[in-house]
Amino acid sequence: MFKKTFIRESQQGDSISIELLYRDAFPEEDLLPLVKDLLQETPVVLSLAGFIDTSLVGHVLFTTCGIAGSADRVGLLGPLAVATACQRQGVGSALIRDGLLRLETAGVKQVCVLGDPAYYGRFGFAPETDIAPPYPLPAEWREAWQSIRLRPAAPPGRGRLTVPPPWRQPALWAP
Ligand SMILES: CC(C)(COP(=O)(O)OP(=O)(O)OC[C@H]1O[C@@H](n2cnc3c(N)ncnc32)[C@H](O)[C@@H]1OP(=O)(O)O)[C@@H](O)C(=O)NCCC(=O)NCCS
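Residues numbered from 1 in each chain as written. Predicted model: local features only at pLDDT ≥ 70, side-chain atom pairs only at ≥ 80, totals over all residues. Heavy atoms only, no water.

Asks: Just checking my understanding: could you explain the site of the ligand for this structure?
Replies: The environment of the ligand is formed by 17 residues, the closest being Val 82, Arg 88, Gly 90, Gly 92 and Ser 93. Between the ligand and Val 82, the relevant distance is 2.8 Å, taken from an oxygen atom to a main-chain nitrogen or oxygen of the residue. A distance of 3.4 Å is found between an oxygen atom of the ligand and a side-chain nitrogen or oxygen belonging to Gln 87. Taken by itself the ligand offers 880 Å² of open surface, and the protein chains cover 69% of this. Of all the elements in the fold, those that place two or more residues in the shell around the ligand are strand 4 (73-82), helix 3 (91-105) and helix 4 (117-120). Looking at side-chain class alone, the shell around the ligand contains nine nonpolar, five polar and three charged residues. (Near = heavy atom within 4 Å. Polar contact = N/O pair within 3.5 Å; in protein donor to acceptor, adjacent residues only side chain to side chain. Areas by Shrake-Rupley, 256 points an atom, 1.4 Å probe, with all protein chains shown as cover. Helix = DSSP H or I, 4+ residues; strand = E, 2+ residues; numbered from the N terminus. Nonpolar A, V, L, I, M, F, W, Y, C, P; charged D, E, K, R; others polar.)

The structure is reproduced here in structure tokens:
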């Protein structure tokens, strides 16, 4: 039985817990500079924290991006982290579902992610070929570029994703 998970937008006072969380969830990858830079990108970045009881055990960022030559707004999901001791308890799923709902309410039609299809496929993400990532992906990562359409009746986005400065680092888009 899952414990009750609570999701809310992150606040200034969460920064130490978020830092500890990323060190724990990504011991071999330093995503903190990216996370900290994205957290400065309000209002285009939505930052959600997930709690079990009063402990911050999960965090996700959604960046609202554009498509070159179009007025479309497209979300970009990531990074996403759940404390190792609290994984497989539904926290990651709750963060994703809550974020997708908020973006849909805000009028975002589609959300992209670069991640494991085995995980993101659970939420309805499918391989994306019409929206190009900001940098060409290596062949072994092509399957990892996915999107979900929040308003299926709206025409899908087409073109290259335009991202705010923190995402403009080729190293983030290559193994
Ligand atoms: C990936 C991650 C965010 C998932 O969060 P979580 O809270 O454990 O996920 P949930 O409990 O909501 O969902 C877990 C389900 O997804 C599955 N799952 C978890 N990680 C998975 C993965 N990488 N690939 C496929 N399935 C995965 C679990 O098997 C579980 O399925 P089950 O309920 O049928 O057993 C978390 O494991 C994590 O932080 N990992 C380290 C950091 C990372 O890899 N982040 C990835 C995004 S950048």
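Once the structure has been displayed, the description carries forward.
Asks: Whenever I open this one, the packing of aromatic side chains confuses me. Can you help?
Replies: Given two aromatic rings, their pairing is described by the distance between the two centres and the angle made by the two planes. Within the structure shown, the criterion is met by seven aromatic pairs. Taken together, a centroid distance of 6.1 Å and an interplanar angle of 45 degrees make the contact between Phe 6 and Phe 51 tilted. Pair noted here: Phe 6 is in strand 1 (residues 5-9) and Phe 51 is in strand 2 (residues 45-52), with a separation of 45 residues, a long-range link. Overall, Phe 6 belongs to the partly exposed group, its relative accessible area being 49%. Note on Trp 145 and Trp 173: the rings are 5.9 Å apart at their centroids and 70 degrees apart in plane angle, and the pair reads as edge-to-face. Here the residue Trp 145 occupies a position in strand 8 (residues 145-149), and Trp 173 occupies one in the segment after strand 9 (159-162), the gap between them amounting to 28 residues. Take Trp 145 and Trp 173: they sit in the same class, and that class is buried. An aromatic cluster is defined as three or more aromatic residues linked by ring pairs; in this entry it consists of Tyr 119, Tyr 120, Phe 123 and Phe 125. (Phe/Tyr/Trp six-rings, centres within 6.5 Å; stacked < 30°, edge-to-face > 60°. Buried < 20%, exposed > 50% of the residue type's maximum accessible area, 1.4 Å probe, protein only.)

Asks: Before we go on, may I ask you to explain the pairing of strand 3 (residues 55-67) in this structure?
Replies: Both faces of the sheet carry side chains from a regular strand, because those side chains alternate between them. For strand 3, the buried fraction is high: 11 of the 13 residues fall into the buried class. The sheet contact formed by strand 2 and strand 3 spans eight bridges and is antiparallel. In the sheet register, Gly 50 faces strand 3, and the bridge partner there is Gly 58. Taking the residues between adjacent antiparallel strands as the criterion, strand 2 and strand 3 are bridged by two residues, where Asp 53 takes a positive phi near 55 degrees. Across eight bridges, strand 3 lies against strand 4 in antiparallel orientation. Residue pairing in the sheet places Val 60 in a bridge with Leu 80 of strand 4. Hairpin geometry of strand 3 and strand 4 is characterised by an intervening segment of five residues between the two adjacent antiparallel strands and by a positive phi of about 80 degrees at Gly 69. Across two bridges, the pairing between strand 3 and strand 9 is antiparallel. (Pairing = 2+ DSSP bridges.)

Asks: Help me out: how do you make sense of helix 3 in this one?
Replies: Each full turn of the α-helix corresponds to 3.6 residues, which orients residues three or four apart in the same direction. Taking 1.5 Å as the rise per residue, helix 3 with 15 residues should run 21 Å; its terminal C-alpha atoms sit 21 Å apart, in good agreement. The set of residues buried in helix 3 consists of Val 91, Gly 92, Ser 93, Leu 95, Ile 96, Gly 99, Leu 100 and Leu 103. Positive backbone phi, approximately 95 degrees, marks Gly 107, located one or two places after helix 3. (Expected span 1.5 Å × (residues − 1).)

Asks: In this structure, what is going on with the packing of helix 1 (residues 15-25) against helix 2 (residues 32-39)? I would like to understand it.
Replies: How two helices sit against one another is set out by the angle between their axes and by the gap between those axes. Two numbers describe how helix 1 lies on helix 2: the axes approach to 10 Å, and their chain directions differ by 145 degrees. The element helix 1 and its partner helix 2 pack so that their crossing is right-handed. For the pair helix 1 and helix 2, contact is made by Ile 18, Glu 19, Tyr 22 and Arg 23 and by Leu 32, Val 35 and Lys 36, respectively. Classifying every residue of the contact of helix 1 with helix 2 by side-chain character gives four nonpolar, no polar and three charged. (Axes fitted to C-alpha atoms, helices over the stretch in contact; angles between N-to-C directions. Left-handed = near helix turned anticlockwise from the far one by under 90°. Contact = heavy atoms within 4.5 Å.)

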